Amino acid sequence: MKEPEGVKKVLLIDHIEGQCRAIVGFKDGDARAAYMCGEPVYQKPGKKPSSWCAYHHAQMHATAVEQNRVSTQVPQSPSAISIARNP
């Protein structure tokens, strides 16, 4: 799945229902003027529409799965180190 090209991005204040809400940038670096992706949202049959397009939806879920995999791994205890001492 390729990343959206950004041609449909919209300012948060111009955002309408059915457009992806992933933040993709800021107008003139101002955090109060966020650009949203604007692509059509992902909808699974029989479910309510997502807030993200197919690309950002997959990206969000891949990140969550990755985080769960990392957090469930048991860290290995440090191995013993032998220290040679000279009398």
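Owing to the predicted nature of the structure, the values given are computational and were not obtained by experimental measurement.

Peer 1: Sorry if this is basic, but what is going on with the overall build of the protein here?
Peer 2: Across its full length, the protein holds one helix and three strands. Burial analysis of the protein (87 residues in total) assigns 21% to the buried set. Considering only intrachain contacts with a sequence separation of at least 6, the fraction spanning at least 24 residues in the protein is 38%. Split by element, the accessible area of the protein, about 7,500 Å² in all, is 54% carbon and sulfur.

Peer 1: Can you help me understand the state of the cysteines in this one?
Peer 2: Linking two cysteines covalently via their sulfur atoms produces the bond known as a disulfide. All told, the structure shown has zero disulfides when counted by the stated rule. Note on Cys20: no disulfide assigned, nearest cysteine sulfur contributed by Cys53 at a separation of 3.8 Å. No disulfide involves Cys37; its sulfur sits 4.0 Å from that of Cys20, the nearest cysteine. The class for Cys37 is buried, based on a relative accessible area of 4%.

Peer 1: How should I be thinking about the pattern of salt bridges in this particular structure?
Peer 2: Pairs can form between side chains of opposite charge once their charged atoms are near each other. Under the counting rule described, the total for this entry stands at two salt bridges. The partner of Lys8 in a salt bridge is Glu39, and the shortest N-O contact between them spans 4.0 Å. With a gap of 31 residues between them, Lys8 in the segment before strand E1 (10-11) and Glu39 in the loop between strand E3 (34-36) and helix H1 (54-72) connect regions that are remote in the sequence. A relative accessible area of 41% places Lys8 in the partly exposed class. One salt bridge connects Arg32 with Asp30, and the closest N-O pair in it is separated by 3.2 Å. A relative accessible area of 73% places Arg32 in the exposed class. For Asp30, a relative accessible area of 28% gives the class partly exposed.

Peer 1: Would you mind going over the packing of aromatic side chains with me for this structure?
Peer 2: A ring pair, where both rings are aromatic, is described by two values, the distance of the centres and the angle of the planes. As enumerated under the stated definition, the model contains zero aromatic pairs in all. Above the face of the Tyr35 ring, Lys9 is positioned so that its terminal group lies 4.4 Å from the ring centre.

Peer 1: What is the right way to look at the environment of Met60 in this model?
Peer 2: By the element assignment, Met60 lies in helix H1. Considering only alpha carbons, one finds Met60 and Ala22, 38 residues apart in sequence, at a separation of 9.9 Å.

Peer 1: What is the right way to look at unusual backbone geometry in this model?
Peer 2: A positive phi angle is found at Asp28, which is not glycine, with a value near 55 degrees. By the secondary structure assignment, Asp28 is in the loop between strand E2 (23-26) and E3. For Asp28, a relative accessible area of 74% gives the class exposed.

Conventions used here
- Residues numbered from 1 in each chain as written.
- Predicted model: local features only at pLDDT ≥ 70, side-chain atom pairs only at ≥ 80, totals over all residues.
- Heavy atoms only, no water.
- Helix = DSSP H or I, 4+ residues; strand = E, 2+ residues; numbered from the N terminus.
- Buried < 20%, exposed > 50% of the residue type's maximum accessible area, 1.4 Å probe, protein only.
- Contact = heavy atoms within 4.5 Å.
- Areas by Shrake-Rupley, 256 points an atom, 1.4 Å probe, with all protein chains shown as cover.
- Disulfide = S-S within 2.5 Å.
- Salt bridge = Lys/Arg side-chain N within 4 Å of Asp/Glu carboxyl O.
- Phe/Tyr/Trp six-rings, centres within 6.5 Å; stacked < 30°, edge-to-face > 60°.
- Lys NZ or Arg CZ within 6 Å of the ring centre and 35° of its normal.

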